[in-house]
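Chain residues, written in single-letter form:
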Amino acid sequence: HPLVTTGALGLVLGHPFDTVKVRLQTQTTYRGIVDCMVKIYRHESLLGFFKGMSFPIASIAVVNSVLFGVYSNTLLVLTATSHQERRAQPPSYTHIFLAGCTGGFLQAYCLAPFDLIKVRLQNQTEPRAQPGSPPPRYQGPVHCAASIFREEGPRGLFRGAWALTLRDTPTVGIYFITYEGLCRQYTPEGQNPSSATVLVAGGFAGIASWVAATPLDVIKSRMQMDGLRRRVYQGMLDCMVSSVRQEGLGVFFRGVTINSARAFPVNAVTFLSYEYLLRWWG
Ligand SMILES: C[N+](C)(C)CCCC[C@H](N)C(=O)O
């Protein structure tokens, strides 16, 4: 289906932005977005921007099905109305928020191992296949997963999962509230939102939820990178405190600009697919 293709394309085109975000959040060698992009391009070529992309592509369908499936089923239980009836009897924002939080909470658990591997691969700065230079620690996603499993045990695959859950539970609530709120604002009573409305509302829902999610996103990424060699942080709180001590409060908004630029198109397309699927299967 074209929408699935567009969704996958959005993910591919958005990935370079995500790589820059992750590096800005976890490494101190970059002075900003442009500096980071230039350095990646010089040392690792264009391929450097696409490190760690295969697992997100492979898992997006599952992760988004859990997110949107749990959300819409929770809403169904809370409001006792089907999707069609819902245009006539819109659910309350409390219900939307609660259903979003439930979806975010469950989605975080499915996402955690894939996200960990993505972040570890994105942070490998070695250029690909340079004869003579030492090879990167992880040769690819499967090797990365197997190495983490071997070196850190099965729980190692869930490093940073707690921070990820805390990041996603409330902010997926915000995601759906923003989306529904904007759709209602710009749609005549009792009608379905137009495609343009869905795209714009979805884009802004992505940005709003990511802005709210950024502080815990930074902590999550740092927890995921911790333990690569020796462990630096005692836990999430320790990671927050020492990050703020060393880098100031601004640390909580690392990567927010580039991530917002990525989030608008990616989430616009995501919500458009969601609305289409609901109308078909309703
Ligand atoms: C709630 N939080 C902001 C964390 C995520 C919301 C949507 C995530 C989306 N798949 C994306 O990659 O942008």
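Residues numbered from 1 in each chain as written. Predicted model: local features only at pLDDT ≥ 70, side-chain atom pairs only at ≥ 80, totals over all residues. Heavy atoms only, no water.

Chemist: Looking at this model, I keep getting lost on the packing of helix α3 (residues 54-79) against helix α5 (residues 93-122). Mind explaining?
Modeler: When two helices pack together, their arrangement is given by the angle between the helix axes and the distance between those axes. Relative to each other, α3 and α5 sit at 160°, their axes nearing to 8 Å. By the angle between their axes, α3 is roughly antiparallel relative to α5. Considering only the axes of α3 and α5, their crossing is right-handed. Per-class residue counts for the contact of α3 with α5 are 17 nonpolar, 9 polar and 1 charged. (Axes fitted to C-alpha atoms, helices over the stretch in contact; angles between N-to-C directions. Helix = DSSP H or I, 4+ residues; strand = E, 2+ residues; numbered from the N terminus. Parallel < 35°, antiparallel > 145°, perpendicular 65-115°, else oblique. Left-handed = near helix turned anticlockwise from the far one by under 90°. Nonpolar A, V, L, I, M, F, W, Y, C, P; charged D, E, K, R; others polar.)

Chemist: Any chance you could explain the UniProt feature "transmembrane region" (unreviewed entry) in the protein here in plain terms?
Modeler: UniProt records the feature "transmembrane region" (unreviewed entry) at residues 55-81, using the numbering of this structure. Secondary structure content for residues 55-81 is 93% helix and 0% strand, while the C-alpha to C-alpha distance between its ends is 36 Å. (UniProt positions renumbered as here; feature names shortened; annotations may be inferred.)

Chemist: Explanation requested: the nonpolar core in the structure shown.
Modeler: Phe68, Tyr71, Tyr175, Phe176, Tyr179 and Phe271 are the most contacted members of the largest nonpolar core, which totals 18 residues. Secondary structure elements with two or more residues in this core: α3, α5, α7 (161-185), α8 (195-225) and α10 (256-281). Ranked by the residues each element gives to this core, the list is headed by α7, at 5 residues. The residues touching Tyr175, leaving out its near neighbours within four places in the chain, are Leu67, Phe68, Ala205, Gly206, Ser209, Asn267, Thr270 and Phe271. Core analysis: the second largest hydrophobic core is formed by 13 residues, Val22, Val119, Cys144 and Ile148 among them. (Core = buried A, V, L, I, M, F, W, Y, C linked by side-chain atoms within 4.5 Å. Buried < 20%, exposed > 50% of the residue type's maximum accessible area, 1.4 Å probe, protein only. Contact = heavy atoms within 4.5 Å.)

Chemist: Would you take a moment to explain the packing of α3 against α7 for this structure?
Modeler: Taken N-terminus to C-terminus, the directions of α3 and α7 make an angle of 70°; their axes are 12 Å apart at the nearest point. One way to sum up the angle between α3 and α7 is to call them roughly perpendicular. Once α3 is placed against α7, the crossing between them reads as right-handed. Of the residues in α7, those touching α3 at Leu67, Phe68 and Tyr71 are Val172, Tyr175, Phe176 and Glu180.

Chemist: For this particular structure, what's the right way to read the environment of Gly203?
Modeler: Note that Gly203 resides in helix α8. According to the relative accessible area criterion, Gly203 is buried, its value standing at 0%. In this structure, the C-alpha to C-alpha distance between Gly203 and Thr178, residues 25 residues apart in sequence, is 9.8 Å. When neighbours within four sequence positions are excluded, Gly203 is seen to be in contact with Ala263, Phe264, Asn267 and Ala268.

Chemist: When you look at the pattern of salt bridges in this model, what are you seeing that I'm missing?
Modeler: If the charged atoms of two oppositely charged side chains come close together, the side chains can form a pair. Summed over all chains, the structure comprises 18 salt bridges. A salt bridge links Glu44 to Lys51; its shortest N-O distance comes to 2.7 Å. Like Glu44, the residue Lys51 is buried in the burial classification. (Salt bridge = Lys/Arg side-chain N within 4 Å of Asp/Glu carboxyl O.)

Chemist: Got a minute to help me understand the UniProt feature "repeat: Solcar" (unreviewed entry) in the protein in this structure?
Modeler: The sites that UniProt annotates as "repeat: Solcar" (unreviewed entry) are residues 1-77, 91-185 and 193-280. Annotated as 77% helix and 0% strand, the span residues 193-280 places its first and last C-alpha atoms 15 Å apart.

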